[in-house]
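If you want the building blocks of each chain, they are given just below.
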2 protein chains.
Amino acid sequence: MRTCVSSMAAGSSMEWLKSVKGVILDMCGVLYDSGEGGGQAIHGSIEAVKRLMDSGLIVRFCTNETQNTREKFVQKLRAMGFDISVSHVFSPAPALVRILRERRLRPHLLVHDDLMPEFDDVDTSSPNCVVIGDAADKFSYQNLNEAFRVLIGLEKPLLFSLGQGRYYKETDGLKLDVGVFMKALEYACDVQAEVVGKPSADFFQTVLNDMSLQPHEAVMIGDDLLNDVGGAQSCGMKGIQVRTGKYRLSDEKHPSVRADGYVDDLAAAADAILTSSLTNH
Amino acid sequence: MRTCVSSMAAGSSMEWLKSVKGVILDMCGVLYDSGEGGGQAIHGSIEAVKRLMDSGLIVRFCTNETQNTREKFVQKLRAMGFDISVSHVFSPAPALVRILRERRLRPHLLVHDDLMPEFDDVDTSSPNCVVIGDAADKFSYQNLNEAFRVLIGLEKPLLFSLGQGRYYKETDGLKLDVGVFMKALEYACDVQAEVVGKPSADFFQTVLNDMSLQPHEAVMIGDDLLNDVGGAQSCGMKGIQVRTGKYRLSDEKHPSVRADGYVDDLAAAADAILTSSLTNH
């Protein structure tokens with residue numbers, strides 16, 4: 001609880017932890033570091049998840065992961081040792097599929113090959129919108145041009161982005177995320193994308209509804225200051241940033257977003273939350 | 001002069017043409033359409049350039065072309081039949097090389113292979129800035145990631161963009177231009193790029209200095225409403241948009257930029273300017 005204490009216990013800043021009834025966990029960079037071979041669990045995180053769950057807190061997982069179907073993604077996490085069920089994981093693709101159905105939209109998809117099964121039942125003929133996810137190597141000039149041409153050919157260009165992350169960390173270094181290509185296409189076509197996933201308030205609200213909690217009763221723990229912490233705060237939740245994953249020292253001096261707490265890792269966050277909860281009972 | 005008259009002669013709107021002493025011509029989309037095999041001259045444009053030059057007007061060429069060295073580019077235009085000399089052509093790469101020298105910067109280059117000779121004398125070891133041009137197919141995910149990592153690794157990220165165009169037209173369709181990737185890297189690193197080329201005021205001013213003209217004595221003719229027309233107008237020049245190249249009908253209803261005249265093509269622009277000049281003499 002080393003750094004955790006130093007960052008979160010100043011004055012009365014830990015008081016709010018006592019009212020926490022539920023925890024929403026970001027996954028990549030908090031539970032595990034991605035990379036070759038699927039990545040690996042961050043030290044202490046498997047136990048931290050178990051301790052949070054065992055304590056009686058309501059725990060949900062909220063990810064902008066779009067390189068895999070939700071099912072495959074959870075399989076990967078379970079193989080690492082995390083006790084997570086698919087129904088507790090919220091990711092952008094299933095949320096988008098619901099939107100496409102409701103609004104009768106037919107997407108041109110620029111997404112990762114491994115995400116494609118999420119769209120098996122979606123009509124992609126004569127597209128009337130463009131959807132981009134974290135397509136990684138599929139973000140070639142040719143594929144971006146193709147998406148651009150569909151978009152600019154529409155009477156009213158409509159772009160959906162599965163998240164708006166800037167970059168993420170894999171074991172071999174930082175990698176550009178979908179938000180970067182969203183900005184590229186937004187500029188090319190002079191449109192504003194609809195973001196599905198974090199930090200969209202709708203997305204966080206879906207998770208809160210599933211937990212049957214009010215925003216002030218939940219805390220989001222993530223490594224992304226803007227999308228995890230800032231997004232949760234905009235929704236009325238508290239947000240803790242972990243110093244793992246894509247965390248950078250400069251995040252703690254960000255001009256507009258300030259986390260309600262900074263901790264070394266998920267284990268330290270669990271320590272702080274559980275200690276505070278215990279004090280409270 | 002058909003459409004030209006209808007768009008430019010309403011009321012006293014042509015009056016300003018009488019004070020024009022110099023003409024700055026955009027190249028791609030005005031003189032020629034690019035595409036496989038180097039592209040082809042737009043009907044009437046070779047003669048229009050000749051007529052403007054023969055009239056005694058000072059004529060310069062201003063391009064954001066960064067897929068070729070200036071020398072090779074002019075060779076291509078001369079092969080099409082245009083009587084253009086290298087010293088009358090202003091392009092971003094030579095302007096950037098001057099800036100790099102003045103500020104002792106060592107760039108990481110993400111530019112077209114054919115532009116590389118412009119940087120032959122530039123030190124690219126231990127880069128302390130990133131330069132992007134219209135790299136076309138070289139805008140792969142891998143190359144963008146590489147540029148991003150250099151940029152975010154700098155204490156003070158410094159990004160130069162050779163132009164900020166959204167897209168251009170080749171014979172096989174619209175293609176994404178450098179500005180799109182500039183916006184991508186700007187977002188990734190939370191920086192603002194320095195744009196070298198149109199619509200930078202410094203760039204237009206260099207051309208005006210070479211012509212020994214005041215801004216109100218010159219008119220810019222281009223197919224790009226924002227970078228040619230808007231850029232020139234910001235500098236105090238007039239701007240005419242041609243309905244060739246990347247022109248789109250919606251340009252004439254743009255919320256913030258309005259050309260001083262819209263003409264079908266460069267031939268029509270030359271007609272309007274020369275008729276007005278003749279009236280004046």
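Thresholds applied
Residues numbered from 1 in each chain as written. Chains lettered and ligands numbered in written order. Predicted model: local features only at pLDDT ≥ 70, side-chain atom pairs only at ≥ 80, totals over all residues. Heavy atoms only, no water. Phe/Tyr/Trp six-rings, centres within 6.5 Å; stacked < 30°, edge-to-face > 60°. Helix = DSSP H or I, 4+ residues; strand = E, 2+ residues; numbered from the N terminus. Buried < 20%, exposed > 50% of the residue type's maximum accessible area, 1.4 Å probe, protein only. Lys NZ or Arg CZ within 6 Å of the ring centre and 35° of its normal. pLDDT = per-residue confidence, 0-100. Contact = heavy atoms within 4.5 Å. Axes fitted to C-alpha atoms, helices over the stretch in contact; angles between N-to-C directions. Parallel < 35°, antiparallel > 145°, perpendicular 65-115°, else oblique. Left-handed = near helix turned anticlockwise from the far one by under 90°. Nonpolar A, V, L, I, M, F, W, Y, C, P; charged D, E, K, R; others polar. Buried area = accessible area lost by both parts, 1.4 Å probe. Salt bridge = Lys/Arg side-chain N within 4 Å of Asp/Glu carboxyl O. Polar contact = N/O pair within 3.5 Å; in protein donor to acceptor, adjacent residues only side chain to side chain. Core = buried A, V, L, I, M, F, W, Y, C linked by side-chain atoms within 4.5 Å.

Some remarks on the packing of aromatic side chains
Part 1 of the argument: Counted according to the given criterion, the structure contains ten aromatic pairs over all chains.
Part 2 of the argument: On the numbers, 6.1 Å between centres and 40° between planes, the contact of A:Phe181 with B:Tyr141 is tilted. Taken together, the residues span two chains, with A:Phe181 in helix α6 (residues 178–189) and B:Tyr141 in helix α5 (residues 141–153).
Part 3 of the argument: B:Tyr141 gets classed as buried once you look at its relative accessible area, which sits at 4%.
Part 4 of the argument: The ring of B:Tyr187 has A:Arg166 sitting right over it, with the charged end atom 4.3 Å from the ring centre.

A look at unusual backbone geometry
Part 1 of the argument: A:Lys198 connects to A:Pro199 through a cis peptide bond whose omega is 5°.
Part 2 of the argument: As for its placement among the helices and strands, A:Pro199 is situated in the loop between β11 (194–196) and α7 (201–211).
Part 3 of the argument: For A:Arg104, which is not a glycine, the phi torsion comes out positive at approximately 50°.
Part 4 of the argument: Locating A:Arg104 in the fold gives a position in the loop between α4 (92–102) and β6 (107–110).
Part 5 of the argument: Judged by its relative accessible area of 73%, A:Arg104 falls in the exposed class.
Part 6 of the argument: A positive phi angle, close to 35°, is found at B:Ser126, a residue other than glycine.
Part 7 of the argument: Along the polypeptide, B:Ser126 turns up in the loop between β6 (107–110) and β7 (129–132).
Part 8 of the argument: Taking the relative accessible area as the measure of exposure, B:Ser126 reaches 57% and is therefore exposed.

Regarding the confidence of the model for chain A
Residue and element names in this part refer to chain A.
Part 1 of the argument: Looking at chain A, pLDDT values average 92 and 94% of them are 70 or higher.
Part 2 of the argument: In the model, residues 1–6 has pLDDT below 50 throughout and makes 13 contacts with residues more than four positions away in sequence or in other chains.
Part 3 of the argument: Scoring the predicted complex yields pTM 0.84 and, for the interface, ipTM 0.83.

Considerations on the environment of A:Gln75
Part 1 of the argument: Mapping A:Gln75 onto the fold places it in helix α3 (residues 70–80).
Part 2 of the argument: Residue A:Gln75 is classed as exposed on the basis of its relative accessible area of 52%.

Let's talk about the packing of α5(B) against helix α6 (residues 178–189) of chain B
All names here are of chain B.
Part 1 of the argument: Closest axis-to-axis distance for the α5/α6 pair is 10 Å, and the angle between their directions is 45°. In this view, α5 runs oblique relative to α6, as classed from their interaxial angle. For the crossing formed where α5 meets α6, the hand is right-handed. Residues Leu144, Ala147, Phe148, Leu151 and Ile152 of α5 lie in contact with α6, whose contacting residues are Phe181, Leu185, Ala188 and Cys189.
Part 2 of the argument: Of the residues assigned to the contact of α5 with α6, the class counts are nine nonpolar, no polar and no charged.

A closer look at the interface of chain B and chain A
Part 1 of the argument: Taken together, the contact between chain B and chain A spans 29 residues of the former and 29 residues of the latter.
Part 2 of the argument: A combined buried area of about 2800 Å² lies between chain B and chain A, and 62% of that area is made up of carbon and sulfur atoms.
Part 3 of the argument: For the pair chain B and chain A, the number of links is zero salt bridges.
Part 4 of the argument: Counting every contact that joins chain B to chain A gives ten residue pairs in polar contact (both at pLDDT 80 or more).

Comments concerning the nonpolar core
Part 1 of the argument: By size, the foremost hydrophobic cluster in this structure holds 59 residues, and its most contacted members are A:Ile132, A:Phe148, A:Phe181, B:Ile132, B:Phe148 and B:Phe181.
Part 2 of the argument: Discounting residues that sit within four places of it in the chain, B:Phe148 has contacts with A:Tyr167, A:Leu174, A:Lys175, A:Leu176, B:Leu185, B:Ala188 and B:Cys189.
Part 3 of the argument: Judged by nonpolar contacts, the second largest core, of 35 residues, contains A:Val20, A:Phe61, A:Leu266 and A:Ala270.

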